[in-house]
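# Observations on chain architecture
Chain residues, written in single-letter form:
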Amino acid sequence: MVVDKTYPFNRIIIAIDGYSSCGKSTTARQVAAALNYSYIDTGAMYRAVTLYLLQNRIELNDTAAMQNALHAIRIEFNFNPISRCNETYLNGLNVEREIRTQYVANSVSEVSAIPEVRRAMVAQQQLMGHKRGVVMDGRDIGTHVFPKAELKIFMSADPLIRAQRRQLELREKGECVELSEIVENIKKRDHNDTTRTESPLRRADDAQLLDTSFMAIHEQVAWVVEQAKIAMMKLTHTTSMA
Ligand code: DC
């Protein structure tokens, strides 16, 4: 992992991992804004790869085609001043909307379990975070991408509450999906994420648990910002003692 020592030492890496639809991305984005940090949504990167593979009809077990595809895929995040959010670009095209559809959601955990895909994405994520001052959310950030992150949070919530949140999110985007279908999709993704051989979703030993079942987003954000300030203070103290 490359860590650029020219950046201020009290800028920390915040790793937020956890199950899908716990509010990870919304929390991470708002925490990044509050601290003036950059925000990297690693789920969006796996979604963008999935979209590319689906669009180009690439068989997931065709290793050669997969390697070619990974070389052809360029993922970037660009800030949209109107929505005030980072949006995902795949080979120069804004795919923010497409990657959030159920069509992509149905295949993303299968794609994200492929070792070659993970290796390529993890390398990019480590590069994106090397300047520090970053909030990164995903499934393996605290365990694999930045195992030495100064602050690690593991988010979880009741599956039914997560499904209701996801249904609302999809409805706002004009997509109507039955709650039972979403519950099934969430359960399947949880199972795939936690049981895959390559970097399964698990709470790092030093991650703090945040159950968001009965929390509002602003409460989650405030809690994480507080933990971040404590982690920054600890880091400043350690650095000044060294
Ligand atoms: O966070 P999300 O729901 O947008 O993630 C989409 C999928 O990508 C999800 O099935 C898990 C996978 N993922 C992963 O395997 N590792 C990450 N660091 C981030 C997401």
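Cut-offs used in this document
Residues numbered from 1 in each chain as written. Predicted model: local features only at pLDDT ≥ 70, side-chain atom pairs only at ≥ 80, totals over all residues. Heavy atoms only, no water. Pairing = 2+ DSSP bridges. Helix = DSSP H or I, 4+ residues; strand = E, 2+ residues; numbered from the N terminus. Contact = heavy atoms within 4.5 Å. Axes fitted to C-alpha atoms, helices over the stretch in contact; angles between N-to-C directions. Phe/Tyr/Trp six-rings, centres within 6.5 Å; stacked < 30°, edge-to-face > 60°. Buried < 20%, exposed > 50% of the residue type's maximum accessible area, 1.4 Å probe, protein only.

### Points about the sheet that holds strand β4 (residues 85–90)
The three strands are arranged β3-β4-β5 in an open sheet whose pairing can be described as antiparallel. Looking at the sheet topology across the chains shown, the edges are occupied by β3 (75–80) and β5 (93–94). Two strands pair when backbone bridges link them, and β4 and β5 are joined in this way by two bridges, in the antiparallel orientation. Paired with Y89 across the bridge in β5 is N94. In the packing of helix α2 (residues 42–55) onto the sheet, the strands contacted are β3 and β4, and the crossing angle to β4 comes to about 30°.

### Some details on the sheet that holds strand β1 (residues 13–18)
Ordered in space as β2-β6-β1-β7-β8, the five strands form an open sheet in which the pairing is parallel. Of all strands in the sheet, those bounded by a partner on one side alone are β2 (38–41) and β8 (208–211). This sheet shows a mean twist of 20° between the axes of neighbouring strands, independent of strand direction. As judged from the four bridges shared by strand β7 (residues 151–156) and β8, these two strands associate in the parallel manner. Across the sheet, M155 pairs through a bridge with L210, a residue of β8. Against the sheet, α2 contacts β2 and β6 (134–138), and its axis sits at roughly 40° relative to β2.

### A word on the packing of aromatic side chains
Going through the model one piece at a time under the given rule, you end up with one aromatic pair. Ring geometry for Y19 against F154: centres 5.9 Å apart, planes inclined by 80°, an arrangement best described as edge-to-face. Taken as a pair, Y19 in the loop between β1 and α1 (24–35) and F154 in strand β7 lie far apart in primary sequence, 135 residues in all. Residue F154 is classed as buried on the basis of its relative accessible area, which comes to 6%.

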